[in-house]
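# Coordinates in review
Below are the chains, spelled out letter by letter.
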Amino acid sequence: MAAALVLSGCNITDKDDGRPESARDFPEADRPVSTVSASQMPERTRDDRKEAVTVMDLANIGEGMTVADIGAGEGYYTTRLAERVGKDGRVLAQDIDAEVLQRLGSRVERERLDNVSIKLGTPDDPGLPEGSFDRVFLVHVYNQVSEPYAFLWRLRPALRQGGQVIVVDVDRATDNHGIPPKLLFCEFESVGFKLAAFIRRPELAGYYARFEAAGPRPDPADIEPCEQEVVAAGTADGGADGTASRPDRIVET
């Protein structure tokens, strides 16, 4: 069985349902979210399989670029991005966990990463300055975003001209530390992004997706949320993950 998506009417609610008040102008996501995993693969293991190098190469990260690492955690990508962009580049490490950021701040000081800044975000707003970033990274964190429409809508203005959002994740249920590609595409497209690349690589043990802003940013009330329905495996476009209907995709195995 696979998850397929259709667009449904807006399901915004005014009642106190536990959602942040700042997110209630946006549709509610029709999916569960993952909790933060207590265990994490050791950095040496990730480096041995060339995870960060592969992702940074695919994203064309070079010296002098300004990038944001959303859900930076203990800093695996933050530190490697800092080295790649060099002294003339900038990295903003963002997370919603103040204790995690405190530990990351200690690491940044210890490793003397002068081109790294740290920022506390919220579940529905990454809090990024407008027009500031060439790339925004969401690595194994998008499945934890409980308010994807508000979050992505507020993230989009942070991109510079030609800026891109990079997602690395796993093709499995959102409450199991992953997100099906078709659901990912739908949520991004609903707030005015287009898929520019989709790549499966063994180094990632998952997939890489790149998105670009396309057209005007919709009004929050006009965003159509993505609704999941359980259907038989396979779709009319010939690909259960939705990539076969997108001629500009890149798919590798």
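A brief look at the structure comes next. The model shown is predicted, which means the values in this text are computed figures rather than measured ones.

Definitions and limits used
- Residues numbered from 1 in each chain as written.
- Predicted model: local features only at pLDDT ≥ 70, side-chain atom pairs only at ≥ 80, totals over all residues.
- Heavy atoms only, no water.
- Helix = DSSP H or I, 4+ residues; strand = E, 2+ residues; numbered from the N terminus.
- Buried < 20%, exposed > 50% of the residue type's maximum accessible area, 1.4 Å probe, protein only.
- Areas by Shrake-Rupley, 256 points an atom, 1.4 Å probe, with all protein chains shown as cover.
- Pairing = 2+ DSSP bridges.
- Contact = heavy atoms within 4.5 Å.
- Patch = residues over 30% accessible without salt bridge, like charges linked within 9 Å, V, L, I, M, F, W, Y side chains within 5 Å.
- Salt bridge = Lys/Arg side-chain N within 4 Å of Asp/Glu carboxyl O.
- Lys, Arg positive; Asp, Glu negative; His and termini not counted.
- Charge placed at Lys NZ, Arg CZ, Asp CG, Glu CD.
- Axes fitted to C-alpha atoms, helices over the stretch in contact; angles between N-to-C directions.
- Expected span 1.5 Å × (residues − 1).
- Arc of directions from axis to C-beta.
- Polar contact = N/O pair within 3.5 Å; in protein donor to acceptor, adjacent residues only side chain to side chain.
- Phe/Tyr/Trp six-rings, centres within 6.5 Å; stacked < 30°, edge-to-face > 60°.

When helices and strands are tallied, the chain shows six helices and nine strands. The 253 residues of the chain split such that 50% are buried. Carbon and sulfur atoms provide 47% of the accessible area of the chain, an area that totals close to 12,000 Å².

Of the pairings in the sheet, the one linking strand β7 (residues 193–201) to strand β8 (residues 206–213) comprises eight bridges and is antiparallel in character. Bridge pairing in β8 places Phe193 opposite Ala213.

This part is about the environment of Val165. The topology assignment puts Val165 in strand β6 (residues 159–169). Assessed through its relative accessible area of 0%, Val165 is described here as buried. For Val165 and Glu212, which are 47 residues apart along the polypeptide, the C-alpha to C-alpha distance reads 6.5 Å. The residues contacting Val165, other than those within four sequence positions of it, are Val136, Leu138, Leu155, Leu159, Phe188, Phe193, Ala209, Arg210 and Phe211.

Judged by side-chain charge, Asp25, Asp219, Asp222 and Glu224 come together as a negatively charged surface patch. As for its placement among the helices and strands, Glu224 is situated in the loop between β8 and β9 (226–231).

Taken in spatial order, the seven strands make up an open sheet running β4-β3-β2-β5-β6-β8-β7, and their pairing is mixed. This sheet does not close on itself; its edge strands, each paired only once, are β4 (116–120) and β7. Each neighbouring strand pair of the sheet contributes to a mean axis angle of 20°, computed without reference to strand direction. Note that strand β2 (residues 66–70) and strand β5 (residues 133–139) share four bridges and pair parallel. Counterpart to Val67 in the pairing with β5 is Arg135. Sheet strands touched by helix α4 (residues 98–110): β3 (90–95) and β4. Its angle to β4, the strand with the most contacts, is close to 170°.

The next point concerns α4. Under the 1.5 Å per step criterion, the end-to-end length of α4 is 18 Å for 13 residues, consistent within 8% with the ideal 18 Å. Those residues of α4 that sit buried are Val100, Leu101, Leu104, Gly105, Arg107 and Val108. In an axial view of α4, the angular spread of the buried residues amounts to 165°, which keeps them on one side of the axis. Of the exposed residues in α4, the ones pointing more than 90 degrees away from its buried face are Glu99, Gln102, Glu109 and Arg110. Summarising the contacts, the buried residues of α4 are in contact with α1 (43–48), α3 (76–85), β3 and β4. Capping the start of α4, Asp97 holds a side-chain oxygen 2.9 Å from the backbone nitrogen of Glu99, two or three residues further along. Directly beyond the C-terminal end of α4, a positive phi value near 55° is found at Arg112.

As a further point, take the pairing of β4. Walk down a regular strand and you will see the side chains alternate between the two sheet faces. Here β3 pairs with β4 via five bridges, running parallel. Bridging across to β4, Val91 finds its partner in Val116.

Along an α-helix, residues three or four positions apart point the same way, because every turn accommodates 3.6 residues. In terms of burial, α3 is a largely internal element, eight of the ten residues being buried. For α3, every residue scored as buried is listed here: Tyr76, Tyr77, Thr78, Thr79, Arg80, Leu81, Ala82 and Val85. Directly beyond the C-terminal end of α3, a positive phi value near 75° is found at Gly86.

Take the packing of aromatic side chains next. The geometry of an aromatic ring pair is captured by the separation of the ring centres together with the interplanar angle, meaning the angle of the planes. Under the definition given, this model contains nine aromatic pairs. Each ring, one from Tyr76 and one from Tyr77, has its centre 5.1 Å from the other, and the planes form 85°; the classification is edge-to-face. Relative to Phe188, the ring of Tyr142 lies with its centre 5.5 Å away and its plane at 45°, an arrangement referred to as tilted. Taken together, the residues Tyr142 in the loop between β5 and α5 (148–155) and Phe188 in helix α6 (residues 181–190) connect sequence positions 46 residues apart. For the pair formed by Tyr142 and Phe188, the shared burial category is buried. Here a set of aromatic residues connected by ring pairs shows up, and it is made of Tyr142, Phe185, Phe188, Phe193, Phe198, Tyr207 and Phe211.

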